[in-house]
Amino acid sequence: MSTPPPTTPPTPPPTPRRADASMTLLTEILERPLDPGYAAAADRREAAGLPRATTTRTPLLVVSAALVGFLLVTSAFVLRPSGTTASRDKAQLIAQIQSRQAHGDAQTLAVGTLRAQIKGYQDAALGTQQSSLTDELARLGLLTGDVAAAGPGLTLTIDDAPSVKANAGTDPRGAGGAGGAGGTSGTESGRVTSLDLQILCNGLWQAGAEAISINGQRLTARSAIRFAGQAILVDYRPLTTPYVVTAIGDRQDLAARFAEGVAGSYLTALRSNYGISESVATSARVEVPRSAVLDVTSAHPGADGIPSTATAGPTPPTTPTTPPTSEATP
């Protein structure tokens, strides 16, 4: 009897290769995130009846986190850069200007009250005198700007060009026109300068104006129209646009003579060449206030009652805006 040949056991199918076999390190981190040493320590804590891990809400940890946060916020405030020196200086100057202007306004009101009292005393003292003396005092008060004036006249309104008003940083026309001293009006900007107002006011005086004010500031023989930065000053009082020039005089003759003169041509050139807006309107009654600056420091009565001028020192420069000797209506 023959022995059957041995049979070969079937070959088991090959074990499929894991898809993440090439990522052994990542697989180990995902399957065993806890280090064996930490795992053993956790087992010992669990065997002792303690939680496997300490909580993150322990009082010491909360206090430490709050302290660190407070230190970070404090450091941020301390190390935060403060304003630049220029901005601080500008803020201080603005505060000083506002304070000085408020003080000046208060002093002006006080001076007005005292002048009203003086006028009352003068009226009482001159009540028994001849009327001619009272009339002469009133006439001199009008000429010097010591009293307000009203009567027929015109109003000249002048303003910066629209392009300049849209761009507040534009410089005034030319270096000579900025200050209005020793230069021409310039050829670049449409901003009204102090020189422009000087020429226009002098033209009104020449045309027969008897009293003039700019934005409520009365012009006298000692008034000054100056430029400071981008502001126009009249007797050191800053003005804002638009500039309203009020002049008392024969409204028809005053307007015609002004338009025919050099100042009228200058005003037309400002409108045509620089786009400066202007308008002239006549009225049966306009008003100009009294001057707020009438201090006399160098003049005193002469020996015969004729005013004379002392020679103690030079007087400050003023704009040549001497009014004519005609009389306005009080």
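For the structure itself, look to the data block above.
Here's a quick rundown of the structure. (Residues numbered from 1 in each chain as written. Predicted model: local features only at pLDDT ≥ 70, side-chain atom pairs only at ≥ 80, totals over all residues. Heavy atoms only, no water.)

Here's the deal with the overall build of the protein
To be explicit about the condition: Put simply, DSSP marks the helices as runs of H or I at least four residues long and the strands as runs of E at least two long, and each gets a number from the N terminus on. Between two residues, a contact is recorded if the distance between any of their heavy atoms is within 4.5 Å. All accessible-area figures derive from a Shrake-Rupley calculation using a 1.4 Å probe, and residue coverage is judged against the displayed protein chains alone.
Scanning the protein from terminus to terminus reveals 10 helices and 10 strands. Intrachain contacts of the protein at a sequence separation of at least 6 include 70% that bridge at least 24 residues. Summed over all atoms, the accessible surface of the protein reaches about 22100 Å², with 61% contributed by carbon and sulfur.

Regarding the sheet that holds strand S2 (residues 211–214)
Selection rule: Should DSSP find at least two bridges between two strands, the strands are taken to pair.
In spatial order, the strands read S3-S2-S7-S1-S8; together these five strands make up an open sheet with antiparallel pairing. The open sheet has two edge strands with one neighbour each: strand S3 (217–218) and strand S8 (277–288). Note: strand S1 (residues 149–159) against S8, 10 bridges, orientation antiparallel. Note on S8: the bridge partner recorded for Thr157 is Ser279.

Quick notes on the pairing of S2
To keep it simple, the criterion reads: Accessible area is worked out with a 1.4 Å probe on protein chains only. A residue is then buried under 20% of its type maximum, exposed over 50%, and partly exposed in between.
Where burial is concerned, the two faces of S2 agree: the one with Ala211 and Ser213 and the one with Ile212 and Ile214 are both buried. Two elements, S2 and strand S7 (residues 243–248), share four bridges in a ladder whose sense is antiparallel. Along S7, the bridge assignment pairs Ile212 with Ala247. Sheet analysis places S2 next to S3, joined by two bridges and oriented antiparallel. Bridging across to S3, Ser213 finds its partner in Arg218.

Quick notes on helix H2 (residues 36–47)
Selection criterion: Expected span of a helix, by definition, is 1.5 Å for each gap between consecutive residues, and there is one gap fewer than residues.
In this model, H2 (12 residues) spans 16 Å end to end at C-alpha, consistent with the 16 Å of a helix rising 1.5 Å per residue. Gly49 sits one or two residues past H2 and shows a positive phi near 85°.

A short note on the sheet that holds strand S6 (residues 237–239)
As a reminder, the rule being used: Orientation is described by axes fitted as lines to C-alpha atoms, over the contacting stretch for helices, and by angles from 0 to 180 degrees between their N-to-C directions.
The strand order across the open sheet formed by three strands is S4-S5-S6, and the pairing between neighbours is antiparallel. Of all the strands in the sheet, just strand S4 (225–228) and S6 have a single pairing partner and so form its edges. The mean angle between the axes of side-by-side strands here comes to 40°, regardless of whether they run parallel or antiparallel. Examined bridge by bridge, S4 and strand S5 (residues 231–234) share four bridges and lie antiparallel to one another. When the bridges of S5 are listed, Ala228 appears paired with Ala231. Packed onto the sheet, helix H8 (residues 194–206) meets S4 and S5 and runs at close to 170° relative to S4.

Some remarks on unusual backbone geometry
In this chain, Thr241 is followed by Pro242 through a cis amide linkage whose omega measures -5°. Along the chain, Pro242 turns up in the loop between S6 and S7. At Asp235, a position not held by glycine, the phi torsion is positive, near 55°. Take Asp235: it is sitting in the loop between S5 and S6. When its relative accessible area of 12% is taken as the criterion, Asp235 is described as buried.

So, the packing of helix H9 (residues 251–260) against helix H10 (residues 262–274)
Counted only if it meets this: Any angle that falls under 35 degrees is termed roughly parallel, while one over 145 is termed roughly antiparallel, one within 65 to 115 roughly perpendicular, and all others oblique. The residue classification treats Ala, Val, Leu, Ile, Met, Phe, Trp, Tyr, Cys and Pro as nonpolar and Asp, Glu, Lys and Arg as charged. All others, Gly included, are polar.
Across the interface, H9 lies against H10 with an axial gap of 4 Å and an inter-helix angle of 70°. It follows that H9 is roughly perpendicular to H10 by the angle criterion. Contacts between H9 and H10 involve Phe258, Ala259 and Glu260 on the former and, on the latter, Val262, Ala263, Gly264, Ser265 and Leu267. Class assignment for the residues of the contact of H9 with H10 results in five nonpolar, two polar and one charged.

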